[in-house]
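Chain by chain, the residues:
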Amino acid sequence: MNFDLTSDQRQLQEAATRLAQKKLMPLLAAYPKDAPLPKSAMLQIFEVLAEFGLTGARVPEELGGSGLGMLDYGLAFEQLPPVIALALIAHDGTTSRLCASGAAKDFPHLIEDLLAGRKIACTASTEPTTGSDQSIIKLRVRESEDGATAYLSGTKQWITNGTIADVAFVTGKLEGSGELQRYIVEQAVSPFRATEIPCVGLQQGHLSELTFDQIPVPRSNAIGSDNSTMKTLTQAWLVNRPLLGLLGLKAAERARDVAMEHLKDRKQF
């Protein structure tokens with residue numbers, strides 16, 4: 001089996017490296033290393049990523065994305081600073097899930113803003129006692145008598161981009177039936193509370209807890225709850241795992257490089 005990269009793949013990899021070194025790393029360096037970046041800085045970063053086509057890397061070209069294969073995406077992804085790569089996974093993953101669930105047709109302006117990096121997205125599925133097993137989700141959805149509004153109550157935890165997100169893709173259970181429901185929750189329309197979770201590493205990033213206390217969401221913001229939607233979510237999680245592996249490898253390489261630089265310059269006593 002031939003594992004050599006093609007000419008196009010090497011060019012993609014080199015272009016991503018230049019993007020990281022010339023545009024992204026200077027943006028990170030302009031802010032404290034031990035505090036989450038302000039949203040204004042993250043919007044600058046997402047604008048740069050959008051110009052490179054990464055904010056919709058997994059979105060098909062006919063829907064405005066780049067439609068990259070996972071190998072090509074990985075080659076570009078692993079060149080990004082880890083804290084930015086993690087934010088991109090959450091944003092691009094959410095955007096691709098929404099598009100696969102039909103949101104490009106029903107919410108075209110929102111998808112355009114997400115692809116352009118003008119708005120930031122997150123997926124709110126995990127909870128303090130719930131991981132990828134959606135059957136034990138506790139966030140509750142109560143529908144109004146006229147069916148026009150859904151009220152969300154519960155907590156989501158370990159949500160990347162949560163405190164800077166303009167839109168969250170939220171999963172909950174309908175009171176009474178226990179049916180899984182998914183909603184596009186726009187912070188400007190349905191303001192939920194988001195707080196940072198302190199992290200040991202990647203401190204410029206945003207790992208968050210989201211709190212919903214009878215937050216009203218238009219029923220029109222509901223996304224299909226059939227098996228195909230669940231399959232889309234599961235496939236997106238599975239694809240994220242090798243990307244997170246690349247992120248961890250990149251962080252380890254950086255730690256090695258810093259250690260080697262220290263050894264070369266170290267003056268004992």
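See above for the structure.
Residues numbered from 1 in each chain as written. Predicted model: local features only at pLDDT ≥ 70, side-chain atom pairs only at ≥ 80, totals over all residues. Heavy atoms only, no water.

### Some words on the overall build of the protein chain
Condition: Secondary structure elements are defined from DSSP: runs of H or I of at least 4 residues count as helices, runs of E of at least 2 residues count as strands, and each element is numbered from the N terminus. We compute the radius of gyration from the C-alpha atoms alone; for a globule the expected value is 2.2 Å times N to the 0.38, where N is the number of residues. The classification of residues rests on relative accessible area computed with a 1.4 Å probe and restricted to protein chains. Under 20% of the type maximum is buried, over 50% is exposed, and intermediate values are partly exposed. We call two residues contacting when some pair of their heavy atoms lies within 4.5 Å. All accessibility values rest on the Shrake-Rupley procedure with a 1.4 Å probe; residue burial counts only the protein chains present in the view.
When you go through the protein chain residue by residue, the secondary structure sums to seven helices and eight strands. In summary, the protein chain has a C-alpha radius of gyration of 20 Å against a globular reference of 18 Å for 269 residues, a match within 12%. Overall size of the protein chain, expressed as C-alpha extent along the three principal axes, is 70 × 45 × 35 Å. The burial tally for the protein chain puts 45% of its 269 residues in the buried class. The long-range share in the protein chain, meaning contacts at least 24 apart out of those at least 6 apart in sequence, stands at 71%. On the protein chain, roughly 13,700 Å² of surface is accessible, and the fraction owed to carbon and sulfur atoms is 54%.

### Notes on the nonpolar core
Nonpolar side chains in soluble globular proteins tend to end up buried together. Defined as follows: Side-chain atoms within 4.5 Å are what join buried Ala, Val, Leu, Ile, Met, Phe, Trp, Tyr and Cys residues into a set we call a nonpolar core.
Grouped together as the largest cluster of nonpolar side chains are 29 residues, with contacts concentrated most on Leu 24, Met 42, Ile 45, Leu 49, Leu 54, Phe 77 and Leu 80. Apart from the residues within four sequence positions on either side, Leu 49 is in contact with Leu 24, Leu 54, Thr 55, Leu 80, Ile 84 and Leu 88. If you look at the next biggest cluster of nonpolar residues, it comprises 19 residues, including Cys 122, Ala 124, Ala 165 and Val 185.

### Thoughts on the packing of aromatic side chains
Definition in use: Two aromatic rings from Phe, Tyr or Trp, using only the six-membered ring of Trp, form a pair when their centres are within 6.5 Å; if the ring planes differ by under 30 degrees the pair is stacked, by over 60 it is edge-to-face, and anything between is tilted.
The full count for this structure, using the stated rule, is two aromatic pairs. With 5.9 Å between their ring centres and 75° between their planes, Tyr 73 and Phe 77 make a pair best called edge-to-face. Highlighted residues: Tyr 73 and Phe 77, both in helix α3 (residues 70-77), separated by four residues, approximately one helical turn. Residue class for Tyr 73 comes out buried when judged on its relative accessible area of 0%. On the basis of relative accessibility, which here comes to 1%, the residue Phe 77 falls in the buried class. With centroids separated by 5.4 Å and ring planes inclined at 40°, the aromatic side chains of Phe 192 and Phe 212 adopt a geometry described as tilted. Of this pair, Phe 192 sits in the loop between β5 (180-186) and β6 (193-196) while Phe 212 is found in strand β7 (residues 207-218), placing the two residues 20 residues apart along the sequence. Residue class for Phe 192 comes out buried when judged on its relative accessible area of 5%. Among the residues examined, Phe 212 registers a relative accessible area of 3% and is labelled buried.

### Some words on the environment of Thr 123
Cut-off, in case you're wondering: N or O atoms closer than or at 3.5 Å make up a polar contact, with two conditions inside protein: a donor-capable atom paired with an acceptor-capable one, and, for residues adjacent in sequence, both atoms drawn from side chains.
Here Thr 123 shows up in strand β1 (residues 121-124). By relative accessible area, Thr 123 is classed as buried at 16%. Separated by 110 residues in the primary sequence, Thr 123 and Gln 13 place their C-alpha atoms 28 Å from one another. With residues near it in sequence (within four places) discarded, Thr 123 still touches Thr 94, Arg 97, Ile 159 and Phe 169. Here Arg 97 takes part through its side chain, which lies 2.6 Å from a polar atom of the side chain of Thr 123.

### Digging into empty space enclosed by the protein
To keep things clear, this is the line we draw: Lining residues are defined by having an atom within 4 Å of a point belonging to a cavity or pocket. Those points lie on a 1 Å grid over the protein atoms alone, cavities being sets where a 1.4 Å probe fits but cannot get out and pockets being open sets with protein on both sides within 12 Å along at least five of seven lines. Grid points are joined across faces, edges and corners, and a volume is the space filled by probe spheres set on the points. The nonpolar class holds Ala, Val, Leu, Ile, Met, Phe, Trp, Tyr, Cys and Pro. Asp, Glu, Lys and Arg form the charged class, and all remaining residues, Gly among them, are polar.
Under the counting rule described, the total for this entry stands at one cavity of 30 Å³ or more. Roughly 40 Å³ of internal volume is contained in the largest cavity. What lines the largest cavity is simply Val 83, Leu 86, Ala 87, Thr 160, Asn 161, Gly 205 and His 206. Take the lining of the largest cavity: its biggest share by element is three residues, from helix α4 (residues 82-100). Classifying every residue of the lining of the largest cavity by side-chain character gives three nonpolar, four polar and no charged.

Everything listed here is a matter of geometry and, on its own, says nothing about what the molecule does.
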